[in-house]
Amino acid sequence: MLVQINTDNRIEGSEGMNAAMEEQVRERLSRFSDRLTRAELHLRDVDGERNGPQGIEAKLELRPAGGQPLMTTDQGADPDAALAGALRKAIDLLDRTFAKQDPVR
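Residues numbered from 1 in each chain as written. Predicted model: local features only at pLDDT ≥ 70, side-chain atom pairs only at ≥ 80, totals over all residues. Heavy atoms only, no water.

## Observations regarding helix 1 (residues 15–28)
Right, so step 1: Between its first and last C-alpha, helix 1 extends 20 Å over 14 residues, near the 20 Å set by a 1.5 Å rise per residue.
Right, so step 2: When we look at burial in helix 1, the residues that qualify are Met 17, Met 21 and Val 25. Angularly, the buried residues of helix 1 cover 65° about the axis, an arc narrow enough to put them on a single face. Residues of helix 1 that are exposed and point over 90 degrees away from its buried face: Glu 15 and Glu 27. (Helix = DSSP H or I, 4+ residues; strand = E, 2+ residues; numbered from the N terminus. Expected span 1.5 Å × (residues − 1). Buried < 20%, exposed > 50% of the residue type's maximum accessible area, 1.4 Å probe, protein only. Arc of directions from axis to C-beta.)

What follows is the structure, encoded as structure tokens:
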């Protein structure tokens, strides 16, 4: 599974931050890695200089092999909080999506 991280011009995406976020995405989605071809994380600052409690938005786009893209989004005070929320939602979405596709045992 390829993991790609994109940030807007108001979020400083250092190599260390990108590596930590990529590792978090890989770890949390590891049980789905054989069914996903790519995960793209888009981080953006939604409130600019105001820095409110929900100032960062994380959109996580997931590409299942042979399927339509799936997307989750969440907001948080910092990139880590926003990513954590988007990953929670992504795991729930992938569980539901793949459960529908799996044969009944």
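## Overview of the environment of Pro 69
Right, so step 1: By the element assignment, Pro 69 lies in the loop between strand 3 (56–64) and strand 4 (70–76).
Right, so step 2: In this structure Pro 69 comes out as partly exposed when scored by relative accessible area, which is 39%.
Right, so step 3: On a C-alpha basis, the gap between Pro 69 and Ala 39 in space is 9.6 Å, while along the polypeptide they are 30 residues apart.
Right, so step 4: Residues contacting Pro 69, with those up to four places away along its chain left out, are Glu 61, Leu 62, Arg 63 and Pro 64. (Contact = heavy atoms within 4.5 Å.)

## With respect to the pattern of salt bridges
Right, so step 1: A full pass over the atoms with the stated rule returns six salt bridges.
Right, so step 2: Two residues, Arg 44 and Glu 57, come together in a salt bridge whose shortest N-O distance is 2.6 Å. Here Arg 44 is found in strand 2 (residues 36–45), whereas its partner Glu 57 is found in strand 3, with 13 residues between them in sequence.
Right, so step 3: We classify Arg 44 as partly exposed; its relative accessible area is 41%.
Right, so step 4: Among the salt bridges present, the one from Glu 61 reaches Arg 63, with a minimum N-O distance of 2.5 Å. (Salt bridge = Lys/Arg side-chain N within 4 Å of Asp/Glu carboxyl O.)

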